[in-house]
Amino acid sequence: MQLNIVKKTKLIYFYISFYFQRYLCLFLIYFDKAFFLKSDYSHYKMFTVVDLLEQELGFQGFKQFEKEIDIIKKNISTKHDFPLIYDADKANYFLLYCLIRELKPEIIIETGVANGLSSNFILNAMLLNRKGVLMSIDLPKYPDQKVGLYVTPNLNDRWNLIIGSSIFKLKSILKQFSEIDMFIHDSANTYHFQKIEVLLAFKKLKKGGIIIINNIGHSNAFNEIIEIIKPHKKFVLRQEDKKGDFTGVIIK
Ligand SMILES: C[S@@+](CC[C@H](N)C(=O)[O-])C[C@H]1O[C@@H](n2cnc3c(N)ncnc32)[C@H](O)[C@@H]1O
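All of these numbers come straight from a predicted model, not from anything done at the bench.

Undergrad: Help me understand the nonpolar core, please; the structure alone is not making it clear to me.
TA: Note on soluble globular proteins: their nonpolar side chains tend to be buried together. Formed by 57 residues in total, the largest nonpolar core has its most connected members in Leu95, Leu96, Tyr97, Ile122, Ile211 and Leu237. The greatest single-element share of this core, amounting to 9 residues, is contributed by helix α4 (residues 90–103). Ignoring sequence-local partners within four residues, the contact set of Tyr97 consists of Phe65, Ile69, Phe121 and Ala125.

Spelled out as structure tokens, the structure:
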């Protein structure tokens, strides 16, 4: 009886907290879209993933990873609860997979999971590396929406999925680690979400650590972040499937 009351109270708290975060984020997204839409990345050299990996990061022989990527892509589940348009662009998951296989990071945090395409590639790379933990945050449209259906049970050991808004959850997750190796932003791709998340994550990013920011073309956030943090290196990638948008890459 008492257990039932505790369960019900927890459930009610979860629903109130969920919808509070959801509506606050929706408000912030509309606000960003109304006032922070301008962007200009024309002063950047635009890279393709292969050029970035080969020329700028000096990765040799990463092409062996292409075969692994093809196999993973072929085996992705057809089950999904988010629109397929949410799935990561090829340039993104290719970059993520190669970086993780090559650098073998320990701690990765990502915001924005949807069906879990990026999570799947990250976790598969960690599985082959036999190293790494992934913390993923997502705030779905409604509490029962199934987040990360592409992530197969064999990948669950290294995966922690946290439901809630990135700007509420990220701070407490970062507190669990003395430093992180990689941060990937792909939640709401608007000005305040990109700026708040990246500035928080950068503080805990280890020297040489990497931040990947998906869809920077929607606002000037990437330019402003660079001005504030002055990272060791910064790059802008042209996306492949989602033509017309860019991915920002920062190395501390
Ligand atoms: C483009 S999708 C992510 C795609 C995923 N990274 C992939 O590679 O397939 C964006 C996701 O961000 C989530 N999202 C939107 N606003 C959020 C917020 N404030 N906090 C956390 N997740 C959020 C959405 O529910 C959606 O699942």
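More follows now that the structure is in view.
Undergrad: For this particular structure, what's the right way to read unusual backbone geometry?
TA: Residues other than glycine predominantly adopt negative phi, and peptide bonds predominantly adopt the trans conformation. Here the phi dihedral of Lys104 falls at roughly 50 degrees; this positive angle occurs in a residue that is not glycine. Looking at the element boundaries, Lys104 is found in the loop between α4 and β2 (107–111). Accessibility expressed as a C-beta count within 10 Å gives 15 for Lys104, which makes it partly exposed. Even without glycine at this site, Asn215 takes up a positive phi of about 55 degrees. With respect to the helices and strands, Asn215 occurs in the loop between β6 (205–213) and α8 (221–229).

Undergrad: Hey, could you run me through the site of the ligand in this one?
TA: Lining the immediate surroundings of the ligand are 22 residues, of which Ala88, Gly112, Ala114, Leu117 and Ser118 lie closest. Elements with a contribution of two residues or more to the shell around the ligand: α5 (117–129) and β3 (133–138).

Undergrad: I tried to follow the environment of Val147 on my own but got confused; where do I start?
TA: Structurally, Val147 can be placed in the loop between β3 and β4 (159–163). Residues Val147 and Ala114, spaced 33 residues apart in sequence, show a C-alpha to C-alpha distance of 5.4 Å. Sequence-distant contacts of Val147, that is, excluding residues within four places in its chain, are made with Val113, Asp138, Pro140, Leu161 and Ile163.

Undergrad: What should I look at first to understand the packing of α4 against α5 in this one?
TA: If you want to describe how two helices pack, look at the angle between their axes and the distance between the axes. Where α4 contacts α5, the two axes come as close as 9 Å, and the packing angle between them is 20 degrees. For the element pair α4 / α5, the angle class is roughly parallel. α4 and α5 meet at a crossing whose hand is right-handed. Along the contact surface, α4 presents Asn92, Tyr93, Leu96, Tyr97, Ile100 and Arg101, while α5 presents Leu117, Ser118, Phe121, Ile122, Ala125, Met126, Leu128 and Asn129. Broken down by class, the residue content of the contact of α4 with α5 amounts to 10 nonpolar, 3 polar and 1 charged.

Rules and cut-offs
- Residues numbered from 1 in each chain as written.
- Predicted model: local features only at pLDDT ≥ 70, side-chain atom pairs only at ≥ 80, totals over all residues.
- Core = buried A, V, L, I, M, F, W, Y, C linked by C-beta atoms within 7 Å.
- Buried ≥ 20, exposed ≤ 12 C-beta atoms within 10 Å, placed from the backbone.
- Helix = DSSP H or I, 4+ residues; strand = E, 2+ residues; numbered from the N terminus.
- Contact = placed C-beta atoms within 7 Å.
- Near = placed C-beta within 6 Å.
- Axes fitted to C-alpha atoms, helices over the stretch in contact; angles between N-to-C directions.
- Parallel < 35°, antiparallel > 145°, perpendicular 65-115°, else oblique.
- Left-handed = near helix turned anticlockwise from the far one by under 90°.
- Nonpolar A, V, L, I, M, F, W, Y, C, P; charged D, E, K, R; others polar.

The values are spatial; any link to function lies outside them.
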